[in-house]
Amino acid sequence: MRSLPPGGAGILSYFTRHRTAANLLLVLLVVAGLAAIPQMRAQFFPDVVSDEINIVVTWSGAGAEDVDEAIVAVMEPALLAVPGVSGSSASSREGRTSIELEFEPGWDMSRASDDVQAALDAITDLPEDADEPELRRGSWWDRVTDVVITGPVAPAQLGRFADEFTARLFDAGVTRATIRGVAAPQTVVEVPSSSLIRHDVSMSEIAEVIAAAASTSPAGDVDAANARIRTGSAQRSAAEIAALTLRTNADGSALLR
């Protein structure tokens with residue numbers, strides 16, 4: 001039989017003679033493991049970082065086959081010749097196409113964006129009524145934590161709390177934050193069918209009046225004051241929408257609602 005080193009034999013004999021030493025060591029290891037659990041990072045799947053660039057082209061009124069033949073077939077060969085491109089995939093539908101370029105791992109994406117833009121600028125035989133290709137660079141983010149804001153206040157107040165908290169995170173150096181769960185405010189306009197029939201007005205006409213009142217038109221820039229002038233004022237509150245004039249009758253009276 002192989003004999004143990006003198007040191008190893010001493011440790012074994014000590015645990016053999018001491019009744020509680022092994023139990024104390026076990027408790028110490030368990031406590032150390034529990035203390036290390038909060039510092040351990042656990043995830044089910046490994047991080048897969050994919051360097052991609054998407055090119056979107058809009059061609060209003062064109063079918064999916066026309067978009068594929070006139071845009072994808074023209075752009076894809078030129079894009080595949082861009083240095084660093086390892087593969088591409090295209091998706092076409094009515095009036096729109098999207099080409100996704102995948103690059104080799106570790107490739108300089110700043111250089112890739114410039115190379116792709118140069119390749120797009122060199123393509124001159126796209127349909128005349130198609131929009132200019134739009135380049136979108138993909139980015140990868142790792143979620144760090146979720147913060148839940150709750151309390152006995154109105155949803156609008158919770159949204160303001162979230163906006164203030166996000167601003168403080170940016171001041172602290174956080175580069176990206178997303179607010180979820182806060183619904184955008186909506187104003188619902190309800191018109192009885194009897195009123196539509198009585199005044200001979202349709203819901204589409206009412207929608208056009210509300211849309212025109214809710215938007216303002218730019219009138220230009222003032223260089224000296226570094227400001228932009230807009231004509232009109234947006235009417236978006238419930239009271240302002242209720243007071244809109246839908247139509248002016250022949251006798252000069254106004255149809256408000």
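Predicted, not measured: the structure shown is a model, and the values here were computed from it.

**Examining the overall build of the protein**
Here is step 1 of the chain: For the protein, the count of helices and strands is 8 helices and 8 strands.
Here is step 2 of the chain: When each of the 257 residues of the protein is scored for burial, the buried share is 18%.
Here is step 3 of the chain: The long-range share in the protein, meaning contacts at least 24 apart out of those at least 6 apart in sequence, stands at 52%.
Here is step 4 of the chain: Working note: accessible area of the protein is about 19300 Å², and carbon and sulfur atoms make up 55% of it.

**Topic: the sheet that holds strand 4 (residues 134-137)**
Here is step 1 of the chain: Read from one edge to the other, the open sheet built from 4 strands follows the order 2-3-1-4, with strand pairing classed as antiparallel. The sheet is open, and its two borders are formed by strand 2 (85-93) and strand 4, each paired with just one other strand. Between one strand axis and the next, the sheet turns through 20 degrees on average, direction left out of account.
Here is step 2 of the chain: In the sheet, strand 2 pairs with strand 3 (residues 96-103) via 8 bridges, with the strands oriented antiparallel. The residue of strand 3 that forms the bridge with S92 is T97.
Here is step 3 of the chain: On the sheet, helix 3 (residues 64-80) packs against strand 1 (52-58), strand 2 and strand 3 and is oriented at approximately 165 degrees with respect to strand 2.

**Focus: the pattern of salt bridges**
Here is step 1 of the chain: For the structure on display, the rule yields 3 salt bridges.
Here is step 2 of the chain: Here D115 makes a salt bridge to R111, at a shortest N to O gap of 3.4 Å. Placement of both D115 and R111 in helix 4 (residues 109-121) is noted, with a separation of 4 residues, approximately one turn of the helix.
Here is step 3 of the chain: Judged by its relative accessible area of 22%, D115 is partly exposed.
Here is step 4 of the chain: One salt bridge in this structure joins E164 and R168, with 3.2 Å as the shortest N-O distance. One end of the pair, E164, and the other, R168, are both in helix 5 (residues 155-171), 4 residues apart, so they sit about a helical turn from each other.

**Thoughts on the side chain of T97**
Here is step 1 of the chain: Within the secondary structure, T97 is located in strand 3.
Here is step 2 of the chain: The buried category is assigned to T97, whose relative accessible area is 1%.
Here is step 3 of the chain: Among the polar contacts listed, one links the side chain of T97 to the backbone oxygen of S91, at a separation of 3.3 Å.
Here is step 4 of the chain: Once residues within four sequence positions are removed from consideration, T97 is found in contact with I55, V56, V57, V67, I71, V72, S91 and S92.

Rules used in this analysis
Residues numbered from 1 in each chain as written. Predicted model: local features only at pLDDT ≥ 70, side-chain atom pairs only at ≥ 80, totals over all residues. Heavy atoms only, no water. Helix = DSSP H or I, 4+ residues; strand = E, 2+ residues; numbered from the N terminus. Buried < 20%, exposed > 50% of the residue type's maximum accessible area, 1.4 Å probe, protein only. Contact = heavy atoms within 4.5 Å. Areas by Shrake-Rupley, 256 points an atom, 1.4 Å probe, with all protein chains shown as cover. Pairing = 2+ DSSP bridges. Axes fitted to C-alpha atoms, helices over the stretch in contact; angles between N-to-C directions. Salt bridge = Lys/Arg side-chain N within 4 Å of Asp/Glu carboxyl O. Polar contact = N/O pair within 3.5 Å; in protein donor to acceptor, adjacent residues only side chain to side chain.

In short, shape yes, function no, at least from these values alone.
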